[in-house]
Amino acid sequence: MKHNFSDFTQAETGRAQPKTLYELNNMLRRGIRDLFPENLWVQAEIAECKENASGHCYLELVEKQEDSDYLRARAKAVIWSNVWIFLREAFTQQTGSQLQAGQKILILVKPDFHELYGLSLVVLDIDPAYTVGEWALRRRAVLSRLEQEGVLELNKELDWPRLPQRLAVISSPTAAGLEDFRHQLQHNSGGFVIYTCLFPALMQGAQAESSILEALDRVLEHQELFDLVVLIRGGGATVDLSCFDGYELASALAQFPLPLLSGIGHERDRSVADMVAHTSVKTPTAAAELILSCLEQEDRKIEDMAASLLDMGQEAISAGVRQLQFYKERIVQLSSVQKNRGQLQIQKIESELRWAARERLQQRRHCLDAAVQTIGLLSPQILARQLQRLDVLKLKLEAYSPELQLKRGFSITLHQGRILRSAEGLPPGSLLETRLEDGRVFSKTIQKQT
Amino acid sequence: MKSPISYQKAIEELESILQFLEQNEADVDQMTQKLKRATELIGFCREKLHKTDLELQAIFKELEEK
């Protein structure tokens, strides 16, 4: 049996004439317009955000179930370019971030249904304060989770290095802030040596969190080479920092075994990464300054100690010199006392000697006097006796004198001026001198008899 | 020179030498010995701050290029 289309529709009698799709959609359009005579505020999360060539912004909005990623609702939204120009500016200014996936937003919308494009929420306004508050809430949730897990303060509890010289730097290699940071450290006025090793990572966008986690893993492999991990991001204030608020990254940072210095650069609130880091500063420049100030402090300390030691050494030397001087003076003093004592002793001895000598002299003088007296008494007698003896001696002597011999009739014969005692050796014809009492006779020998 | 294990240890030893010298009247020999050691330690610390460790520099460069 053959049925044509009209037969079929005919068979379904009693039903209204079917509508075309356009008619249906048109009805929906009108219905929705009637249903929402006024614009309304809606909370939603951005799943996707795209700006097309004409400058319109297309959003994919979702609502997830609490504590899971299951979607409860989904809708398209559009911000027409004439509105978008102003909203984008206001939003970036107030949140420090661009509109992007993952953000929760509060928007004023007018639900609209288009026959061809379906349901779409036309966005008329955005409340940036909601997003900021939402971030704060999310951050608070991450922080309280870390706290419950007991890891929130772990990195802060690590000892800050005395000499933060060996730095593992996690940053984007193309960031201007990184170059400034390195330059600042390398050309420091204190002449400090600082080593930096870059572990490249994406510092913004959806991939940032996992990219930083990978970099952290690499640092961990060479952990013993580093004193400090520095997380820096250079660039404008308009970049989204929500990647630094994620739980995974915060947890890894908090539990990292090396102390962390973050210089992520934030205009308003501190990110979770900042909060778990050992120390956080606002910019890469500030991070470099902090590191240098640590080294300067150590340098000062060393130089102070060197100065103290020098002082002590000098003090010790001058104390030694003073002591030597004291000894010297003491010795001089003692020796002069000794000298005086010696002199006194000498004087004493001297005077004793003098006294003894005088005494002895006196004694001698007495003896002498006695002797003289005795001599005085005895001398005339002695003299007479001596004179007598002398007379006797004189007589004896005279008895031996040649004159007396000659007077007695003896003579003395001389040959060549000498007394002739022997005839021997006297040649004949020798001239002889004979001395007699009253003169001399000269003769020649004629004969010799012996 | 007896090389200290770390900067931290060197500083601690220096501090204890200073403390000893401040609190005790060291004799000349003791003083000389302590000052000599302190001078070595200060030299070590200064070197740490100011002298480039070429080996470490090379390691870091290699790590970066990996």
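Worth saying up front: this structure is predicted, and the values here are computed from it rather than measured.

What follows covers the interface of chain B and chain A. Opposite the 23 residues of chain B that make contact, chain A presents 23 residues. At the level of elements, α1 (7–23), α2 (28–50) and α3 (54–65) of chain B are the ones that each hand at least two residues to the side of chain B that touches chain A. For the side of chain B that touches chain A, the element with the highest residue contribution is α2(B), accounting for ten residues. For the side of chain B that touches chain A, a count of residues per class yields 15 nonpolar, four polar and four charged.

Residue and element names in this part refer to chain A. Counting residues in hydrophobic clusters, the biggest one holds 68 residues, and the most contacted among them are Val 229, Ala 273 and Val 276. For this core, the element with the most residues is helix α10 (residues 284–400), which contributes eight residues. Setting aside residues no more than four positions away along its own chain, Val 229 makes contact with Ala 168, Ile 170, Val 219, Phe 256, Leu 258 and Leu 260. Residues Leu 59, Leu 99, Ile 107 and Val 123 belong to the second largest nonpolar core, which totals 14 residues.

All names here are of chain A. Along its 21 residues, helix α4 (residues 128–148) runs 30 Å from first to last C-alpha, staying within 8% of the 30 Å computed at 1.5 Å per residue. The inward-facing, buried residues of α4 contact α3 (81–95), β4 (104–114), α8 (247–254) and α9 (272–276). Positive backbone phi, at 75°, marks Gly 150, one or two positions downstream of α4.

Next up on the list: the confidence of the model for chain B. When pLDDT is averaged across chain B, the result is 85; 92% of the residues are at 70 or more. Note on the complex model: pTM 0.62, ipTM 0.87.

Once that is clear, we can look at the pairing of strand β2 (residues 57–64) of chain A. All names here are of chain A. Sheet topology places strand β1 (residues 40–51) next to β2; six bridges connect them, and they run antiparallel. In the strand pairing of β2, Cys 49 is matched with Leu 59. Linking β1 to β2, which pair antiparallel, is a turn of five residues; within it Gly 55 sits at a positive phi near 90°. In the sheet, β2 pairs with strand β3 (residues 71–79) via eight bridges, with the strands oriented antiparallel.

To continue, consider the sheet that holds strand β6 (residues 166–171) of chain A. The strands making up a sheet are joined through hydrogen bonds of the backbone, oriented either antiparallel or parallel. All names here are of chain A. Here we have five strands laid out as an open sheet, ordered β7-β6-β8-β9-β10, and parallel in their pairing. Each edge of the sheet is formed by a strand with only one pairing partner; in this case those strands are β7 (195–200) and β10 (279–280). Bridge count for β6 against strand β8 (residues 228–232) is four bridges, and the pairing is parallel. Paired with Ile 170 across the two strands is Leu 231, which belongs to β8. Packing against the sheet, helix α6 (residues 176–186) makes contact with β6, β7 and β8, and its axis sits at approximately 140° to β8. On the sheet, helix α7 (residues 208–221) packs against β6, β7 and β8 and is oriented at approximately 135° with respect to β7.

The residue A:Gln416 is not glycine, and still its phi comes out positive at about 55°. Tracing the backbone through its elements, the reader meets A:Gln416 in the loop between β11 (412–415) and β12 (418–419).

What follows is about the pairing of strand β9 (residues 260–263) of chain A. Residues and elements named next belong to chain A. A two-sided burial pattern is seen for β9, the buried positions comprising Leu 260 and Ser 262 on one face and Leu 261 and Gly 263 on the other. In terms of strand pairing, β8 meets β9 through four bridges, oriented parallel. Bridge pairing links Val 229 to Leu 260 in β9. Sheet topology places β9 next to β10; two bridges connect them, and they run parallel. By the bridge assignment, Leu 261 is partnered in β10 with Thr 279.

This part is about the packing of α4(A) against α8(A). Residue and element names in this part refer to chain A. Where α4 meets α8, the axes come as close as 10 Å, and the angle between the chain directions of the two elements is 40°. The angle between the axes of α4 and α8 places the two elements in the oblique class. Crossing handedness for the pair α4 and α8: right-handed. Taken together, the residues of α8 that come into contact with α4 (itself represented by Val 142, Arg 145 and Leu 146) are Tyr 247, Ala 250, Ser 251 and Ala 254.

Of the positions making up α8(A), those classed as buried are A:Leu249, A:Ala250, A:Ser251, A:Leu253 and A:Ala254. On its buried face, α8(A) is in contact with α4, α5 (154–157), α7, β9 and α9 of chain A.

Thresholds, definitions, all that
- Residues numbered from 1 in each chain as written.
- Chains lettered and ligands numbered in written order.
- Predicted model: local features only at pLDDT ≥ 70, side-chain atom pairs only at ≥ 80, totals over all residues.
- Contact = placed C-beta atoms within 7 Å.
- Helix = DSSP H or I, 4+ residues; strand = E, 2+ residues; numbered from the N terminus.
- Nonpolar A, V, L, I, M, F, W, Y, C, P; charged D, E, K, R; others polar.
- Core = buried A, V, L, I, M, F, W, Y, C linked by C-beta atoms within 7 Å.
- Buried ≥ 20, exposed ≤ 12 C-beta atoms within 10 Å, placed from the backbone.
- Expected span 1.5 Å × (residues − 1).
- pLDDT = per-residue confidence, 0-100.
- Pairing = 2+ DSSP bridges.
- Axes fitted to C-alpha atoms, helices over the stretch in contact; angles between N-to-C directions.
- Parallel < 35°, antiparallel > 145°, perpendicular 65-115°, else oblique.
- Left-handed = near helix turned anticlockwise from the far one by under 90°.

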